[in-house]
Amino acid sequence: MSDSNFSSLPLQTAILDNLSTLGYQSMTDIQAQSLPAILSGQDIIAQGKTGSGKTAAFGLGLLNKLQVKKFRIQTLVLCPTRELADQVAKEIRKLARAIHNIKVLTLCGGMPFGPQVGSLEHGAHIIVGTPGRIEDHLGRGTLSLENVDTLVLDEADRMLEMGFQTALDNIISHIPSQRQTLLFSATFPKQIQAIANQYLQAPKVVKVESTHASNSISQHFYHVENDEQRLTAIRLLLLTHKPESSVIFCNTKKETQSVADKLANDGFGVVALHGDLEQRDRDQTLVRFANKSASILVATDVAARGLDIESLDAVFNYHIAHDSEVHIHRVGRTGRAGSTGYAFSLFNDKERYKVGLLEDYLERTIEAEILPDSKVLQSSVFLPKMTTIQIDGGKKQKVRPGDIVGALTGENGLAFEQLGKIQLGANWAYIAVEKMVARKALNKLTHGKVKGRSFRVRELN
Ligand code: ADP
Ligand code: MG
């Protein structure tokens, strides 16, 4: 066993001190296994489930070797989606808090090009981005990677599945071959091996158990005849277990939207996440789910992959996943941090072979269970506890969470406990408040002032 204490690593003191203020007491398995090699400059291939702490593994590596005084792009992190890139950038900034003047820039699609060019002109140390947009910048000559000495491929399997192989080849051809390359992937298909052979040098391979501690997840399987029964099964299970936060995994965008629409029609607090949504809608969807203004997220694997969603009470597999590893991955999102989570999987006759594959993979037999009694369908739907209020003022208007709390909790205002998460964007803020006091909150914000100004206020639905 390796020492799981961060202080056993050759990290800068400032970085170490910051880790303890972040509450990172010891390394996760994947960090303990990969960080010594990463810090010694080796290439690595690391495989680990969502939530295993891969970001800090490469984040600490790249920060520790960064030359802050040399104001050039030294690190490129490639991620499959904008949400993931945003999350990675956020985590890197958190880890970098103790080092002055580190500039992390995200370059993703769905965002206007011009401001990105402006930011690039100002310079950066670390770029986190999606392959498509990075390629665009390279094509237009607005980005130079000639000083990059660390390349991170995060969620590499997902990038390949999304068809980024050519973009990756092109981008990597712009990076000096004298570099450290770190590849992270949840699954390990042949294509990843091919990429590794091509782009990594004598990598250390690290694999952390992909099966989740099975005792904290209670898995249940149900046989259904057709799609109508599938939806009924979901309703029955939702109404029986009333999970505060759950994800329903669907196989296609179309199915995702249709399941979400039908549940919304029943009155559930549901949101959908898939690739066809406008970026702004995707952002709002995630905000509302994370702050508990929506209790059910219907999503495709691609859309939900890697998202750091805390504490899911249940995961539903509308169809059992094509691949056993994907199944384990989905299911591993519940039952975190010692709490028990439920995983409900539906399959029809045609999908029975997937149950067989899963039995082989898990080395246990799977018995289909009987669905809850249909009487449950008569009970009323449960609703999310919170709702989200948006104000059209954010960081650019110098609004801070404290200003919002102040405006809401003043005289005749809300109790502090009735407030949930506050998230600030450039020109907006999302505020979760208990549904019961939504009207009061809207009133307070509409008639009162935040930071001495009146902003436009509305409830998101
Ligand atoms: P992955 O990329 O493997 O899916 P993340 O890097 O997103 O996982 O990490 C999941 C969560 O765990 C994040 O919220 C992160 O801040 C937290 N985390 C990572 N490393 C540690 C640690 N050593 N101690 C405590 N929390 C950690
Ligand atoms: Mg990750």
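Residues numbered from 1 in each chain as written. Chains lettered and ligands numbered in written order. Predicted model: local features only at pLDDT ≥ 70, side-chain atom pairs only at ≥ 80, totals over all residues. Heavy atoms only, no water.

A. Expanded view of the nonpolar core. Residues Phe58, Leu63, Val77, Ile92, Ile126, Val128 and Phe184 are the most contacted members of the largest nonpolar core, which totals 41 residues. Mapped onto this core, the elements with two or more residues apiece are α1 (13–21), α2 (29–39), β1 (44–47), α3 (54–65), α4 (82–95), β4 (126–129) and β6 (180–185). Setting aside residues no more than four positions away along its own chain, Leu63 makes contact with Gln12, Ile15, Ile92, Leu95, Ala96, Ile102 and Ile126. (Core = buried A, V, L, I, M, F, W, Y, C linked by side-chain atoms within 4.5 Å. Buried < 20%, exposed > 50% of the residue type's maximum accessible area, 1.4 Å probe, protein only. Helix = DSSP H or I, 4+ residues; strand = E, 2+ residues; numbered from the N terminus. Contact = heavy atoms within 4.5 Å.)

B. Layout of the environment of Leu231. Take Leu231: it is sitting in helix α10 (residues 227–241). Distance in space between the C-alpha atoms of Leu231 and Val259 is 7.4 Å, their sequence separation being 28 residues. Beyond its immediate sequence surroundings of up to four residues, Leu231 is in contact with Val259, Lys262 and Tyr318.

C. Geometry of the pattern of salt bridges. In total, this model carries 16 salt bridges according to the counting rule given. Among the ionic pairs, Asp227 bridges to Arg230, the shortest N-O distance being 3.1 Å. With Asp227 and Arg230 both in helix α10, this residue pair falls three residues apart, about one helical turn. Its relative accessible area of 0% is what places Arg230 among the buried residues. Look at the salt bridges and you will find they share partners, linking Asp227, Arg230, Glu351 and Lys354 into a network. (Salt bridge = Lys/Arg side-chain N within 4 Å of Asp/Glu carboxyl O.)

D. View of the sheet that holds strand β12 (residues 314–317). In spatial order, the strands read β10-β11-β9-β12-β13-β8-β14; together these seven strands make up an open sheet with parallel pairing. Strands with a single pairing partner mark the edges of an open sheet, and in this sheet they are β10 (270–273) and β14 (368–369). Where β12 meets strand β13 (residues 341–347), four bridges bridge the pair, whose relative direction is parallel. Bridging from a neighbouring strand, Asn317 pairs with Ser345 of β13. Strands in contact with α10 are β8 (217–223), β9 (246–250), β11 (296–300), β12 and β13; relative to β13, the strand with the most contacts, it is inclined by about 165 degrees. Set on the sheet, helix α11 (residues 253–266) makes contact with β9, β10 and β11; between it and β10 the angle comes to about 170 degrees. (Pairing = 2+ DSSP bridges. Axes fitted to C-alpha atoms, helices over the stretch in contact; angles between N-to-C directions.)

E. Molecular detail of the domain arrangement of the protein chain. Entries for the protein chain in the domain assignment read domain 1 (6–207), domain 2 (214–378) and domain 3 (386–460). Taking only C-alpha atoms into account, the centre of domain 1 sits 30 Å from that of domain 2. Summed over both partners, the interface of domain 1 with domain 2 comes to about 1500 Å²; 49% of that surface belongs to carbon and sulfur atoms. If you sort the residues of domain 1 by the area they bury against domain 2, Thr50, Glu83 and Arg158 come out on top, with a joint share of 44%. The interface formed by domain 1 and domain 2 includes two salt bridges. Here Arg282 ties to Glu83 by a salt bridge, and the two come within 2.8 Å at their closest N and O atoms. (Domains from an automatic or database assignment. Buried area = accessible area lost by both parts, 1.4 Å probe.)

F. Structural view of the packing of α3 against α4. At a closest axis distance of 10 Å, the pairing of α3 and α4 adopts a crossing angle of 50 degrees. It follows that α3 is oblique to α4 by the angle criterion. Crossing hand, α3 versus α4: right-handed. The residues of α4 that touch α3, namely those facing Thr55, Ala56, Phe58, Gly59, Leu60, Leu62 and Leu63, are Val88, Glu91, Ile92 and Leu95. Among the residues forming the contact of α3 with α4, the class breakdown is eight nonpolar, two polar and one charged. (Parallel < 35°, antiparallel > 145°, perpendicular 65-115°, else oblique. Left-handed = near helix turned anticlockwise from the far one by under 90°. Nonpolar A, V, L, I, M, F, W, Y, C, P; charged D, E, K, R; others polar.)

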